[in-house]
Amino acid sequence: YGGMGLDFSYSIAVAEELGNIRCGGIPMAIGVQAGMATPALTRFGSDELKKQFLVPTIAGDFVACLGISEAGAGSDVANIKTTAVRKGDEYVINGGKMWTTSGCQADWMCLLANTSEGPPHRNKSLICLPMHVPGIHVAKKIDKLGMRSSDTAQIFFEDVRVPSKNLIGEEGKGFTYQMLQFQEERLWGVATVLTPLEAIIQDTIDYTRQRKAFDQPVLHNQAVHYRLAELATEVELLRSLLYRTVALYVEGNDVTKFASMAKLKAGRLAREVTDSCLQFWGGMGFTSEVLVSRFYRDLRLMSIGGGTDETMLSIICKYMEILPSK
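Since this is a predicted model, take the numbers as computed values, not measurements.

As for its position among the elements, T245 is in helix α6 (residues 222-250). Owing to a relative accessible area of 0%, T245 belongs among the buried residues under this scheme. Residues within four places of T245 in sequence aside, it is in contact with L187, V255, F258 and A259.

Written out as structure tokens, the structure reads:
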């Protein structure tokens, strides 16, 4: 279908390199295209669907987006309300999606919708939804704290009709397929923060070495250089966890626990590194002229998007079997 047939570790290598881009929005947009909206289609989609949607997406001719979150269902994926009702050879879609990355420019959406009544984990399906059919309303581009180069949309569906053959895999398996997609999304996200965090630490070392306070470089304060050494160590530990998780994933193992741990740690470390380093920049750190202030805003999303810190903790607890019995 136009791909190179490489394993997932190559995606992670790409994600790390994209961290050299001096903002978070572009790596995130590429991640949606490569590792968030397309894995389920790649694994479970029909040959016809892959030719229609995957081939032009891989070629870069189509922009893809992922329609999961709703105003009342962010990390709580099971609680989505959008419906896709089967009528003859079509699905009729009603509802809406929120915080959709690349939603303003997307050519198609990997949509999660309720296709039947019943248990919330078994009544959902993934559907390839062209974004230029009647009844789709891109309500607005959302104004955000960070990731400002990325368009994030609120979208409504009103009696949108798509062919039933646009179903990815089996009806009712959408929740399961999406959970698999989430693992690649979360690992991609972890990989994209490693290089920026290293860059922020190095920029802070360079700045505090030349900036003087009380007749000596700020870097010469033990509190400053010890803290930077500690943060650099944490980044390397995160990289090791990521590489271990990816190696297990490539071998075909269930890495849900480790991916959740890595995502949790990446979100918290992104906040810790950017906050600590911004402090060492003093007043300059509070301006828009320096990289640390941009990543302070952009990387804050890591603890929210793709599953919040709290969601990651719940997953980890489940796999450790330490949740109280109901």
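The structure having been displayed, the exposition proceeds.
So, on to the UniProt feature "domain: Acyl-CoA oxidase/dehydrogenase middle" (unreviewed entry) in the protein chain. Sequence positions flagged by UniProt for "domain: Acyl-CoA oxidase/dehydrogenase middle" (unreviewed entry) are, in local numbering, residues 65-160. The distance from the first to the last C-alpha atom of residues 65-160 is 17 Å, and the span holds 0% helix and 51% strand.

This part takes up the environment of E272. Along the chain, the position of E272 falls in helix α7 (residues 256-280). In this structure E272 touches R227 and L231, once residues within four positions along its chain are discounted.

Counting buried residues in strand β4 (residues 108-114) gives seven out of seven residues, a clear majority hidden from the surface. The two faces of β4 match: W108, C110, L112 and N114 on one face and M109, L111 and A113 on the other face are all buried. The sheet contact formed by β4 and strand β5 (residues 124-130) spans seven bridges and is antiparallel. Its bridge partner lying in β5, N114 is registered against K124.

Moving on: the UniProt feature "domain: Acyl-CoA dehydrogenase/oxidase C-terminal" (unreviewed entry) in the protein chain. The residues that UniProt annotates with the feature "domain: Acyl-CoA dehydrogenase/oxidase C-terminal" (unreviewed entry) are residues 172-318. Helix makes up 74% of residues 172-318 and strand makes up 3%, while its end C-alpha atoms are separated by 23 Å.

Turning our eyes to something else, we now look at the packing of aromatic side chains. For the coordinates displayed, the defined rule picks out four aromatic pairs. Aromatic pair F53 and W108: ring centres 5.3 Å apart, planes at 50 degrees, arrangement tilted. Placement of the pair is F53 in helix α4 (residues 47-59) and W108 in strand β4, with a sequence separation of 55 residues. Like F53, the residue W108 is buried in the burial classification. Taking 4.0 Å as the distance between ring centres and 5 degrees as the angle between the ring planes, the aromatic pair formed by Y207 and W281 counts as stacked.

Parameters at a glance
Residues numbered from 1 in each chain as written. Predicted model: local features only at pLDDT ≥ 70, side-chain atom pairs only at ≥ 80, totals over all residues. Heavy atoms only, no water. Helix = DSSP H or I, 4+ residues; strand = E, 2+ residues; numbered from the N terminus. Buried < 20%, exposed > 50% of the residue type's maximum accessible area, 1.4 Å probe, protein only. Contact = heavy atoms within 4.5 Å. UniProt positions renumbered as here; feature names shortened; annotations may be inferred. Pairing = 2+ DSSP bridges. Phe/Tyr/Trp six-rings, centres within 6.5 Å; stacked < 30°, edge-to-face > 60°.

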